[in-house]
Every structure is written in C-alpha cells, then in structure tokens.
Amino acid sequence: MHDPLQVFRKQGFEVFENILDKDELSLLQTCCDALLSEPVDDGGQGDIHKIGLGSSRRFLSHRHTDFPELEAFLLGPKMAKIIQSLGIDEAMLLNEQFVVKGSGQGARFAWHQDGAYVGFEHRPYVTVWIALDDTNLDNGCLYILPRNLENENYLEPHKWQDDRATN
Ligand SMILES: O=C(O)CCC(=O)C(=O)O
C-alpha cells in the first residue's frame, strides 16, 4: 500500500493528487484573484533577491489575516491532515504566498531551495505547494530535483541561480 510518510521520508516530497475538493480550490482561486486585482508594488526588477517581476511574476504573500476563509483553510483540518500524514503532529504557519506567472511572458523562476529565501537560521520546514491552474510540461509546472534521502541525507549548500539561466 502507498504510504505517504514512507515516500516523504525517502525522497523529501510527496504528491497528493486531488486532495482538495472543489470548494477549497475555489476559495483559494477567489483569494488569489482578489490579491491579483491589487496594484503591483514590487518594483518589477526581478533580480534573484527581488522575486517579483511586475505583472509577469507576482508573489502575493502574508495576507491570510485579510482573508478569514483563507486563514481558516490554512489552519484547518485539511492542511492538518496533509501535514500529519507526513509525520508532523504539530505545525505552525511560517509563510503563505500565491505565486502567479503571466502567460507567455517567460517569467520562469530559477532552481532554488525555498529555505534560502527565509533569510535567517531556521529549523527545517515543510512547503505545501498547490496548483490553482492545471499545469503541465508545456505551461510551466513545478519541477523538483529527485533525491534519495536514504543515501544522501544532508542539505546541499544553496547556490543562487539567475532566472535567465533556467531552462
Ligand atoms: O512557482 C515557482 O516557480 C516556485 C515557487 C516557490 O518556490 C514557492 O512558492 O516556494
């Protein structure tokens, strides 16, 4: 039988297909649309430490307290179920963000470790990545570098990579 905990411990990630219901997905899409309708205020420089790229790549972060239903979802039973199935009994929210890339604008995002963006020493944490649009190889899905943690159970030093160098 497929055991999410075993898979997560072995490879460092797990895929939960169709785990959100229509209402949960719709709630996230609605919040994202509301945030997208706000003016772009990131400066649009897009260098490696300035992750927003104007309207072609937006990072809409730390806004769950403005959206009570979003907050209830993030701190609610579905997220708890996902996190607990990965062997984590108690969790707290470190960050939440919507990442939105404009279509046909080449707003790729370079290979990185999310932890490198935290900016201070921190304990390991789990990222839950949810696709709000259907994604595939052609329209820019997320890639994860596979790793066998049974043989390579250490953190590789992070290397900053320019977005333009990404395939
Ligand atoms: O959407 C991407 O290209 C990467 C997003 C990401 O790394 C994140 O949300 O933590």
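Along every chain, residues carry numbers that run from 1 in the direction the sequence is written. Per-residue local features are limited, in this predicted model, to residues with pLDDT of at least 70; the limit for side-chain atom pairs, both in listing and counting, is 80 or more; totals at the level of whole chains, interfaces and linings are taken over all residues.

Participant: Give me the lowdown on the overall build of the protein, citing residues and values where you can.
Facilitator: Secondary structure elements follow DSSP: runs of H or I of four or more residues count as helices, runs of E of two or more count as strands, with numbering from the N terminus. Looking only at helices and strands, the protein features four helices and two strands. Traced from its N-terminal end to its C-terminal end, the protein shows the element sequence α-α-β-α-α-β. Here the protein has a C-alpha radius of gyration of 17 Å; the compact-globule value for 167 residues is 15 Å, and the two agree. When its C-alpha atoms are laid out on the principal axes, the protein stretches across 45 × 35 × 35 Å. Here a residue counts as buried when 20 or more other C-beta atoms sit within 10 Å of its C-beta, as exposed when there are 12 or fewer, and as partly exposed otherwise, the C-beta atoms being derived from the backbone. Within the span of the protein, comprising 167 residues, buried residues form 5% of the whole. A pair of residues counts as a contact when their C-beta atoms, built from backbone coordinates, are within 7 Å of each other. Residue pairs at least 24 apart in sequence account for 73% of intrachain contacts in the protein once pairs closer than 6 positions are excluded. Throughout, the radius of gyration refers to the C-alpha atoms, and the reference size of a globule is 2.2 Å times the residue count to the power 0.38.

Participant: Go over the site of the ligand, please, and point to the residues and values.
Facilitator: What makes a residue near a molecule or strand is its C-beta atom, placed from the backbone, lying within 6 Å of it. Looking at the ligand, the residues that line it are Gln97, Val99, Phe109, Asp114, Thr127 and Leu142. Put simply, Ala, Val, Leu, Ile, Met, Phe, Trp, Tyr, Cys and Pro go in the nonpolar bin, Asp, Glu, Lys and Arg in the charged bin, and everything else, Gly too, in the polar bin. For the shell around the ligand, the residue count by class is three nonpolar, two polar and one charged.

Participant: So what's going on with the environment of Leu149? Residues and values would help.
Facilitator: Structurally, Leu149 can be placed in the segment after strand S2 (97–101). When residues no more than four places from it in sequence are discounted, the contact partners of Leu149 are Arg9, Lys10, Gln11 and Gly12.

Participant: Just give me the short version of the confidence of the model for the protein, but keep the residues and values in it.
Facilitator: Per residue, pLDDT captures the predictor's confidence, and it can take any value from 0 to 100. Looking at the protein as a whole, the pLDDT averages 89, with 93% of positions reaching at least 70. Across the protein, helix H3 (residues 68–74) holds the top mean pLDDT of 98, while strand S1 (residues 57–61) sits lowest at 89.

Participant: Mind laying out the environment of Asp33, listing which residues take part and the relevant values?
Facilitator: You can see Asp33 is positioned in helix H2 (residues 22–36). Through-space distance from the C-alpha of Asp33 to that of Pro146 is 32 Å; in sequence the pair is 113 residues apart.

Participant: Explain unusual backbone geometry residue by residue, including any values.
Facilitator: If you check the backbone angles, Asn18 has positive phi at about 55 degrees while not being a glycine. By the element assignment, Asn18 lies in the loop between helix H1 (4–11) and H2. Positive phi outside glycine occurs at His62, with the angle close to 55 degrees. Relative to the elements of secondary structure, His62 occurs in the loop between S1 and H3. Assessed through the 10 C-beta atoms surrounding it within 10 Å, His62 is described here as exposed.

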